[in-house]
Amino acid sequence: MAPPLALSVRAETWPIAGAFSISRGAKTKAEVVVAELSDARHKGRGECVPYGRYAETVDGVMRALSAMSGRLAPDFDRARLQREMAPGAARNALDCAFWDLEAKRSGRPVHYLAGLPTPRPLVTAYTISLGTPVSMAGAARAASARKLLKIKLGQAGDPERIAAVHRAAPQSELIVDANEGWTVENLAANLAACAQAGVTLVEQPLPAGSDAALAAIARPIPVCADESVHDRASLAALVGRYDAVNIKLDKTGGLTEALAMAAEAERLGFGLMIGCMVATSLAMAPAMLLAQRALVVDLDGPLLLAKDRPDGLVYEDSLIHPPTPALWG
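Residues numbered from 1 in each chain as written. Predicted model: local features only at pLDDT ≥ 70, side-chain atom pairs only at ≥ 80, totals over all residues. Heavy atoms only, no water.

Engineer: Explain the overall build of the protein chain to me, using residue names and the numbers behind them.
Structural biologist: When you go through the protein chain residue by residue, the secondary structure sums to 10 helices and 14 strands. What you see for the protein chain is a C-alpha radius of gyration of 20 Å, in line with the 20 Å of a compact globule of 329 residues. Expressed as lengths along the three principal axes of its C-alpha atoms, the size of the protein chain is roughly 65 × 40 × 35 Å. Counting over 329 residues, the protein chain shows a buried share of 53%. Pairs at least 24 residues apart make up 65% of the contacts formed inside the protein chain by residues separated by at least 6 positions. On the protein chain, roughly 13300 Å² of surface is accessible, and the fraction owed to carbon and sulfur atoms is 54%. In the protein chain, which carries 34 positive and 35 negative side-chain charges, the distance between the mean positions of the two groups comes to 2 Å. (Helix = DSSP H or I, 4+ residues; strand = E, 2+ residues; numbered from the N terminus. Rg over C-alpha atoms; globule rule 2.2 N^0.38 Å. Buried < 20%, exposed > 50% of the residue type's maximum accessible area, 1.4 Å probe, protein only. Contact = heavy atoms within 4.5 Å. Areas by Shrake-Rupley, 256 points an atom, 1.4 Å probe, with all protein chains shown as cover. Lys, Arg positive; Asp, Glu negative; His and termini not counted. Charge placed at Lys NZ, Arg CZ, Asp CG, Glu CD.)

What follows is the structure, given as structure tokens:
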């Protein structure tokens, strides 16, 4: 009889280059959890980012993963994983480790196993952290050769911020992420300022659970859900409020659910954005497969770190290249 699958779990800290600031605060390091799944001959890896916004902690994710160790019989598979773990960061790490292990066992890449086309390089957004109009304009000017910039907003004075960024990087396409930082009272003015600056997408302007106003206004720019959307179960309630949804593997609980969610979101008429937390290339690699069908790709996490892990993704100007088997898949 084949031995049970062996699971090892570890926490890692990766310094951020400078600081990463959004409406909820700033951080100088990325804390990730890596799951490694082995059958004694082959090993698969997955990485996740526990996110405090969803009541996740590194210790909690480590405990949730460690609790799975004794349940990984030889016939345990991804389908069973979806039933036995809730969506979230912990399941993401283990689900992606299963995909990687399947690829290593079969000698075939994950895109083949999932029935997907061979992935190609894609344009990814590059994030400009929240700051003063002057500091954000300086960061945008330094990144103005990039095709797509994602601008973090969500505080008083956002019209001045987005106008300053647009002047500093007039040739770049701009998308905006308010991270739930706007209110019903300033929503129309902020959307108008974004439209004036040529912004092509606004992400999560209102707090999750308080976004009903989006269904009652004319939206001059497509609006994308992030904190309001998690997995397939959360999609139906967003119809009429949002034009697109941001799929992140740490929210869906892995690539398995993310692929199913993407198909359901498209059926409901949503455009797709593929996003990430600040993490290493190991966390971005599975999302690259999903990103092939997205309107907007935001997988710049490793670019925000002081360094990436070995065999990381290749970023070339605005392009992100698919992973090699040495990294994942």
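Picking up after the structure, the text goes on.
Engineer: Can you explain unusual backbone geometry? Please cite residues and give values.
Structural biologist: Positioned with a positive phi, Gln204 is a non-glycine residue whose angle comes to about 40°. Structurally, the position occupied by Gln204 is in the loop between β8 (201-203) and β9 (223-225). A positive phi angle, close to 60°, is found at Asp311, a residue other than glycine. Mapped onto the elements of the fold, Asp311 is located in the loop between β12 (296-297) and β13 (315-316).

Engineer: Could you give an account of the packing of aromatic side chains, naming the residues involved and the relevant values?
Structural biologist: A full pass over the atoms with the stated rule returns 2 aromatic pairs. Summarising the aromatic geometry, the rings of Tyr51 and Tyr54 are spaced 5.4 Å apart at their centres and angled 70° between planes, so their arrangement reads as edge-to-face. When its relative accessible area of 18% is taken as the criterion, Tyr51 is described as buried. Over the face of the ring belonging to Tyr126 we find Arg146, whose NZ or CZ atom lies 4.5 Å from the ring centre. (Phe/Tyr/Trp six-rings, centres within 6.5 Å; stacked < 30°, edge-to-face > 60°. Lys NZ or Arg CZ within 6 Å of the ring centre and 35° of its normal.)

Engineer: Please give an account of helix α3 (residues 89-106) that cites residues and values.
Structural biologist: Counted at 1.5 Å a residue, the expected span for α3 with its 18 residues is 26 Å, and the 26 Å between its end C-alpha atoms agrees. Most of α3 is tucked away, with 14 of its 18 residues classed as buried. Looking one or two residues beyond α3, the residue adopting positive phi is Gly107, at roughly 75°. (Expected span 1.5 Å × (residues − 1).)

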